Amino acid sequence: MPGKRFAVIVDEAHSSQTGENIKDLKVSLTTDEQLKQALAKDDEAADEDPLLTELEKIQKARQKLPHLSFFAFTATPKPKTLELFGVRDKKVKAGYRPFHEYTMRQAIEEGFILDVLQSYTTYGTYFELITKQRTEAEEKRVEEAQARGLLLDYVDRHEFAIKRKVHVIVDHFTRKTAHKINGQAKAMVVTHSRAHAVLYQQALVDVLREQNLPFGVLVAFSGTVAIGEHKFTEASMNPPGTGDDLAEAFKAPEQRILVVANKFQTGFDQPLLHTMFVDKKLGGVAAVQTLSRLNRTFPGKIDTMVIDFVNTQETIQASFQDYYQRTELEGETDPNKLYNIKYTLEQMHVFAPEQVAAFVELFVARKAKSDRLQPFLQKIIDAGYLALPVEQQHKFRKELGRYVRQYSFVSQIMTFTDPALESFYLFAKLLHKQLPYQRETLPLEIIEQIDMDKFRIQEEQNGNISLVTEDGVLAPSADDGHRAKVETPTETLKAIVEKLNEEFDFPFEESDRVVMALKDSLEKDEGLKAAFESDSVEFLKRQKLEDSIKRAFVDNSELFLNFMARTETEPGFGKFFFSEMFKWYQGATMKPKRRTPKWNGRHLPTR
């Protein structure tokens, strides 16, 4: 087969059509003679260094070759995708456009896909953090950006926050989704980490069991997730017999909700998917690809719904607008940025040029296996990388990763060869994989001083998101490869907490204070106490608790008026409140000597 002309059809084309896989495909369809012609080499060049010749061939195989034509299809072209597969057009400000397009707008108008923005509801999150007591840890200065991110992650992963959102999800699915598509509608919960996927699945199973609802829940994530002393995998969390093919398992009528973390956000085709609950920051092409899981048509499927706990309608609108009609690229990537990144890494003195040359000799010329390469790279890590301060280690890791990603793409649009760039790429790619990595966390003594005092989610926007009839224009990365030294601002934990509380503040109502008085009333209810101390089944205990709560409301009608109004406007809150009250009262009854910290709607249980 090599030596002929080939047309390569690429489905779901995106910027990951780069690197070793596509290079290997090109090599398999190319003869040495074709590579020699592409390099403009003749027989007089036979005396050149064989290693440099081999590197040039590898590098040239990544580039565009005259006997290979690629035809790529995608609904969401990234800038890199347009530059790689698009065509130049002088009318597009020296940029690129698709060779042909069947637009999102046209597909919606012709009924080929559904408009996923017709029903889009967003929620705002409000909370208040507290430091438990004044200590030296409270005044300790930490990196502000890092601490802010980790504190927000602490709020997002707090059991109370997860449970509150899950009640919104279950209430919405029960009332507005389950009956759709002739009672077959399914939902997806999109989380922003594997740990969140685990916590969401556990909370969903608990709440569905509490409410005796017959909806199955599957969870999809890769690898093993460790939370505390426990480890979780897909196999351990999904029902027995689910198997490895979750897409197939989700087709079962009883499986109605799928919790995901990255997996199934792209390329997943399930026409019965009707509603998506989003608890992950989305933007640009990622927003379009994720939400488009809902757009498949199916008999009886006339609409879709999105409930978003994180993003605003404006963010989603801007993301979709670029892909609604024709998408064009303004400008192009400058390959010279590779030299800038390479220079930055060299100046950090983790490795020497001789070590790069020795690695390439082992890897390319001698075809050394991993058992020889691993000790070689480990010496560089031990002597160079680990000798850097922690901040410099983070910088080196990021810059090395940038070079690998940039070269994977730029090497396909380069019109020249430079074996030094190819050599460094081969070295950087394997070194980056072997670098040790430790997730950034706040010091334990600081985490122990933080608790969440208030939490509330509030519906903010509800309606359709409209797009305008104009083409989208994408800009290539303006990054020139340089990285200026930036001072990392620090701040005290107390000040960071105060800033976050101010940013996420909410005017809490009387309904947020009422639970304290309600608990006092329930603690004095001897009949309720007797029911919980008896051997009554859980259903009867729940019924007795509900009766006692209603009686407390009647006895304090004026005080509880606002609370009752909120349970009417937020049905999910009522169920969430009752669930939390049941757990509190059961704990108080079973362990009377260890009183659970009081929660009044503003003060949440400690961890």
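Residues numbered from 1 in each chain as written. Predicted model: local features only at pLDDT ≥ 70, side-chain atom pairs only at ≥ 80, totals over all residues. Heavy atoms only, no water.

It is worth spelling out the overall build of the chain at this point. Helix and strand content of the chain: 26 helices and 17 strands. Considering only residue pairs separated by 6 or more positions, the chain has 83% of its internal contacts joining residues 24 or more positions apart. Total accessible area on the chain is roughly 30,800 Å²; 51% of this is exposed by carbon and sulfur atoms. (Helix = DSSP H or I, 4+ residues; strand = E, 2+ residues; numbered from the N terminus. Contact = heavy atoms within 4.5 Å. Areas by Shrake-Rupley, 256 points an atom, 1.4 Å probe, with all protein chains shown as cover.)

Turning to the pairing of strand β7 (residues 186-191), a few remarks are in order. Side-chain direction in a regular strand flips from residue to residue, so the side chains alternate between the two faces of the sheet. A large share of β7 lies buried, amounting to six of its six residues. Of the two faces of β7, both are covered, the one formed by Lys186, Met188 and Val190 as well as the one formed by Ala187, Val189 and Thr191. Strand direction decides the pairing type here: β7 and strand β12 (residues 273-279), joined by six bridges, are parallel. Among the inter-strand pairings, Lys186 is bridged to a residue of β12, identified as Leu273. Here β7 pairs with strand β11 (residues 255-260) via four bridges, running parallel. Bridging from a neighbouring strand, Ala187 pairs with Ile257 of β11. (Buried < 20%, exposed > 50% of the residue type's maximum accessible area, 1.4 Å probe, protein only. Pairing = 2+ DSSP bridges.)

Right, let's talk about a nonpolar patch on the surface for a bit. On the surface, Ile9, Phe71 and Phe73 cluster together into a nonpolar patch covering about 360 Å² of accessible area. In this fold, Ile9 is placed in strand β1 (residues 6-10). (Patch = residues over 30% accessible without salt bridge, like charges linked within 9 Å, V, L, I, M, F, W, Y side chains within 5 Å. Salt bridge = Lys/Arg side-chain N within 4 Å of Asp/Glu carboxyl O.)

The end-to-end C-alpha separation of helix α3 (residues 50-62) is 19 Å, in line with the 18 Å expected for 13 residues at 1.5 Å each. For α3, the complete set of buried residues consists of Leu51, Leu55, Glu56, Ile58, Gln59, Lys60, Ala61 and Arg62. (Expected span 1.5 Å × (residues − 1).)

As enumerated under the stated definition, the model contains 15 aromatic pairs in all. Relative to Phe363, the ring of Phe359 lies with its centre 5.5 Å away and its plane at 15°, an arrangement referred to as stacked. Here Phe359 pairs with Phe363, and both are found in helix α16 (residues 353-365), just four residues apart, close to one helical turn. Owing to a relative accessible area of 0%, Phe359 belongs among the buried residues under this scheme. Arranged with centres 6.0 Å apart and planes meeting at 55°, the rings of Tyr385 and Phe396 form a pair that is tilted. Of this pair, Tyr385 sits in helix α17 (residues 370-385) while Phe396 sits in helix α18 (residues 390-410); the two residues are 11 residues apart in sequence, bridging distant segments of the chain. (Phe/Tyr/Trp six-rings, centres within 6.5 Å; stacked < 30°, edge-to-face > 60°.)

This part takes up the nonpolar core. Val166, Val189, Leu204, Phe221 and Val259 are the most contacted members of the largest nonpolar core, which has 46 residues in total. Considering every element that reaches this core, the biggest residue donor is helix α10 (residues 194-210), with nine residues. Of all hydrophobic cores here, the second largest spans 40 residues; its members include Met348, Val356, Val360 and Val410. (Core = buried A, V, L, I, M, F, W, Y, C linked by side-chain atoms within 4.5 Å.)

With that settled, consider the side chain of Gln406. Note that Gln406 resides in helix α18. Looking at Gln406, the relative accessible area reads 11%, which means it is buried.

Now for the pairing of β1. Of the two faces of β1, only the one carrying Phe6, Val8 and Val10 is buried; Ala7 and Ile9 on the other face are not. Where β1 lies against strand β2 (residues 68-72), five bridges are found, and the strand directions are parallel. Bridging across to β2, Val10 finds its partner in Ala72.

In the Ramachandran plot, Asn212 falls in the positive-phi region, its phi being about 55° despite a non-glycine side chain. Tracing the backbone through its elements, the reader meets Asn212 in the loop between α10 and β8 (216-220).

For the rest of this paragraph, the subject is the pattern of salt bridges. Scanning all chains against the criterion turns up 12 salt bridges. Between Asp303 and Lys180 there is a salt bridge; the shortest N-O distance is 3.1 Å. Pair noted here: Asp303 is in the loop between α13 (284-291) and β13 (305-308) and Lys180 is in helix α9 (residues 180-183), with a separation of 123 residues, a long-range link. The partner of Arg296 in a salt bridge is Asp269, with the nearest N and O atoms 3.2 Å apart. With a gap of 27 residues between them, Arg296 in the loop between α13 and β13 and Asp269 in the loop between β11 and β12 connect regions that are remote in the sequence.

Turning to the environment of Asp334, a few remarks are in order. Within the secondary structure, Asp334 sits in the loop between β14 (327-329) and α15 (337-346). Counting along the chain gives 79 residues from Asp334 to Ile413, while the straight-line C-alpha distance between them is 9.8 Å.

Quick look at helix α23 (residues 526-533) now. Of all the positions in α23, only Leu528, Ala531 and Phe532 are classed as buried. Viewed along the axis of α23, the buried residues span an arc of 95°, placing them on a single side of the element. (Arc of directions from axis to C-beta.)

Below, the discussion takes up the environment of Asp156. Considering the arrangement of structural elements, one finds Asp156 in helix α7 (residues 144-157). Separated by 31 residues in sequence, Asp156 and Thr125 have C-alpha atoms that sit 9.7 Å apart. Those residues in contact with Asp156 that lie beyond four places of it in its chain are Ala161, Ile162, Lys165, His192 and His196.

As a further point, take the side chain of Gln255. Take Gln255: it is sitting in strand β11. At 3.5 Å, the side chain of Gln255 and the backbone nitrogen of Val217 are in polar contact. Once you skip the residues sitting within four places of it in the chain, Gln255 turns out to touch Lys186, Gly216, Val217, Leu218, Pro239, Ala249 and Phe250. (Polar contact = N/O pair within 3.5 Å; in protein donor to acceptor, adjacent residues only side chain to side chain.)

Moving on, we come to the confidence of the model for the chain. For the chain, the average pLDDT comes to 77, and 73% of its residues sit at 70 or higher. Scored below 50 in pLDDT, residues 510-514 makes 15 contacts in the model with residues more than four places away or belonging to other chains. (pLDDT = per-residue confidence, 0-100.)

This paragraph deals with the packing of α18 against helix α19 (residues 419-434). Viewed as axis vectors pointing N to C, α18 and α19 meet at an angle of 130°, and their least axial separation amounts to 9 Å. Taken together, the axes of α18 and α19 are oblique relative to one another. The way α18 lies across α19 gives a crossing that is left-handed. Mapping the contact onto sequence places Phe396, Arg397, Leu400, Gly401, Tyr403, Val404, Tyr407 and Ser408 in α18 and Leu421, Glu422, Phe424, Tyr425, Ala428, Lys429, Leu431 and His432 in α19. When grouped by side-chain class, the residues that make up the contact of α18 with α19 number 10 nonpolar, three polar and three charged. (Axes fitted to C-alpha atoms, helices over the stretch in contact; angles between N-to-C directions. Parallel < 35°, antiparallel > 145°, perpendicular 65-115°, else oblique. Left-handed = near helix turned anticlockwise from the far one by under 90°. Nonpolar A, V, L, I, M, F, W, Y, C, P; charged D, E, K, R; others polar.)

Right, let's talk about the packing of α16 against α17 for a bit. Where α16 meets α17, the closest approach of the two axes is 11 Å, and the angle between their N-to-C directions is 170°. As summarised for this structure, α16 and α17 are arranged roughly antiparallel, according to the angle between their axes. In this structure, α16 contributes Gln355, Ala358, Phe359, Leu362 and Phe363 to the contact, and α17 contributes Arg372, Leu373, Phe376, Leu377 and Ile380. Within the contact of α16 with α17, the residues separate by chemical class into eight nonpolar, one polar and one charged.

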